[in-house]
Amino acid sequence: MRAHYVSIAECDQVQGTAVVIDVLRAFSTAAWAFHLGVERIVLTADLDDALRIKASIPHALAMKDSRPMQGFELSNSPVELQVANALAGATIVQRTTHGTVGAWAARAAEQLYCASFLVASSTAEAIRRSGASNVYFVVTGEDGAAEEDRACAEYIAVLIEDPAASAAPYLARAQASPTAALLANRIADGAPGVHALDIETCLRTDVFDFVMRAALEPFGDTGLLTLRAYNRRNG
């Protein structure tokens, strides 16, 4: 398997299988959402689109990162999500600064996965079973330079070849990343939409035994880029 590491701006290179990485926090929060019973997550690249789509889906909930905004019930926090109500069977429309924008940019991939450390092994196993010879990892943060996302991408790439590979060095890189430091500062400042345990919650491996795969589903002229959770063996 040959791994390619690209930024959001380079997603026009993506072919075949792509894995969009956002560790802190979009696809860690998404993994928790599926664990809590959410049926599907619609990924959007624009805040206005998120609210428009939410309004068209009965009982849908909207999620964003950073500061709260009218119309968005959920914050992009995997810990805060765990105390949210009415998630079983729900549709979430998620828009974040990097993760969902990266997924939308890579939507032309034949197989599109979204991942974080929480689902690293299951994602690697699904790709290994698919027999993909080239895998494009979209490092969404910092114009492709986010250390936590690159570390997770490299870890999944290693796991595809060696399922027993240690996560420790990759988690250490993520823990020491500028993004983790920035999030820690936001936590210390009491910023809304973040929780004191968000970093710790995101930097755990193999918490969930499913994969998150996105595909365009019919809706209007462009379709909805919809993320769903699948068993690791049929993802």
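Residues numbered from 1 in each chain as written. Predicted model: local features only at pLDDT ≥ 70, side-chain atom pairs only at ≥ 80, totals over all residues. Heavy atoms only, no water.

**Observations concerning the pattern of salt bridges**
Basically, it comes down to this: Every case where a carboxyl oxygen of Asp or Glu lies within 4 Å of a side-chain nitrogen of Lys or Arg is listed as a salt bridge. In this description a helix means any DSSP run of H or I spanning at least four residues, a strand means any run of E spanning at least two, and both kinds are numbered starting from the N terminus.
Under the defined criterion, the tally for this structure stands at nine salt bridges. Close ionic contact of Lys-54 with Glu-73 constitutes a salt bridge, the shortest N to O distance being 2.6 Å. Of this pair, Lys-54 sits in helix α2 (residues 47–56) while Glu-73 sits in the loop between β4 (61–64) and β5 (74–75), and the two are 19 residues apart along the sequence. We note a salt bridge from Glu-154 to Arg-173, for which the minimum N-O separation is 2.8 Å. Linking Glu-154 in helix α6 (residues 147–161) with Arg-173 in helix α7 (residues 168–175), this pair joins segments that are 19 residues apart in sequence. Through salt bridges with shared partners, a single ionic network connects Glu-147, Arg-150, Glu-154 and Arg-173.

**Considering the packing of aromatic side chains**
Our working rule: By convention, a stacked pair of Phe, Tyr or Trp rings (six-membered ring in the case of Trp) has centres within 6.5 Å and planes under 30 degrees apart, an edge-to-face pair has planes over 60 apart, and any other such pair is tilted. The classification of residues rests on relative accessible area computed with a 1.4 Å probe and restricted to protein chains. Under 20% of the type maximum is buried, over 50% is exposed, and intermediate values are partly exposed.
Inspection of the entire model under this criterion finds six aromatic pairs. Centre to centre, the rings of Tyr-5 and Phe-137 are 5.5 Å apart; their planes meet at 20°, and the pair counts as stacked. Taken as a pair, Tyr-5 in strand β1 (residues 2–6) and Phe-137 in strand β8 (residues 134–139) lie far apart in primary sequence, 132 residues in all. With a relative accessible area of 0%, Phe-137 lands in the buried category.

**Focus on helix α5 (residues 120–130)**
Convention followed: A contact between two residues is defined here by any heavy atoms of the two lying within 4.5 Å.
Here α5 lies mainly inside the structure; eight of its eleven residues are buried. Taken as a whole, α5 has its buried residues at Ala-120, Ser-121, Ser-122, Thr-123, Ala-124, Glu-125, Ala-126 and Ile-127. In this structure, the buried residues of α5 make contact with β2 (17–21), β7 (111–115), β8, α6 and β9 (210–217). In the segment just after α5, Gly-131 is the residue with positive phi, at about 75°.

**Brief notes about unusual backbone geometry**
Residue Leu-24 is joined to Arg-25 through a cis peptide bond whose omega torsion reads 20°. Inspection of the secondary structure assignment puts Arg-25 in the loop between β2 and α1 (26–35). A positive phi angle is found at His-59, which is not glycine, with a value near 65°. Within the secondary structure layout, His-59 lies in the loop between α2 and β4. Unlike most non-glycine residues, Asp-206 shows phi in positive territory, near 55°.

**Details of the environment of Glu-110**
Relative to the assigned elements, Glu-110 resides in the loop between α4 (99–105) and β7. Judged by its relative accessible area of 67%, Glu-110 is exposed. For the pair Glu-110 and Val-207, spaced 97 residues apart in sequence, the C-alpha to C-alpha distance is 26 Å.

**Topic: the sheet that holds β5**
To keep it simple, the criterion reads: Two strands make a pair as long as DSSP finds a minimum of two bridges between them. Axis definition: a line fitted to C-alpha atoms, limited for helices to the stretch in contact. Angles are taken between N-to-C directions and run from 0 to 180 degrees.
Strand order in this open sheet of ten strands is β1-β8-β2-β7-β9-β10-β3-β6-β4-β5, and the pairing throughout is mixed. In this open sheet, the two edge strands, each paired with only one partner strand, are β1 and β5. With five bridges joining them, strand β3 (residues 40–44) and strand β6 (residues 91–95) adopt parallel strand pairing. Residue Ile-41 lies in a different strand from β6, and its bridge partner there is Ile-92. Relative to β6, α2 is tilted by about 170°, and along the sheet it contacts β3, β4, β6 and β10 (224–231).

**With respect to the packing of α6 against α7**
We count it as follows: Reported orientations rely on four angle classes, namely roughly parallel under 35 degrees, roughly antiparallel over 145, roughly perpendicular from 65 to 115, and oblique for the rest. Each residue gets one label: Ala, Val, Leu, Ile, Met, Phe, Trp, Tyr, Cys and Pro are nonpolar, Asp, Glu, Lys and Arg are charged, and the others, such as Gly, are polar.
Where α6 contacts α7, the axes come no closer than 8 Å and their chain directions differ by 170°. As judged from the angle between their axes, α6 and α7 are roughly antiparallel. Contacts between α6 and α7 pair Glu-147, Glu-148, Arg-150, Ala-151, Glu-154, Tyr-155 and Val-158 from the former with Tyr-170, Arg-173 and Ala-174 from the latter. When its residues are assigned to classes, the contact of α6 with α7 shows five nonpolar, no polar and five charged.

**Side note on the nonpolar core**
What counts, and what does not: Remark: nonpolar core denotes a set of buried residues (Ala, Val, Leu, Ile, Met, Phe, Trp, Tyr, Cys) joined through side-chain atoms within 4.5 Å.
Ranked by size, the top nonpolar core spans 70 residues in total, and within it Phe-117 and Ile-156 carry the most contacts. Ranked by the residues each element gives to this core, the list is headed by α6, at eight residues. Counting nine residues, the second-largest nonpolar core is a separate cluster that includes Ala-60, Ala-62, Phe-72 and Val-93.

**Quick look at the pairing of β3**
Burial runs high along β3: five of the five residues are buried. What you see with β3 is no split at all: Arg-40, Val-42 and Thr-44 on one side and Ile-41 and Leu-43 on the other are buried throughout.

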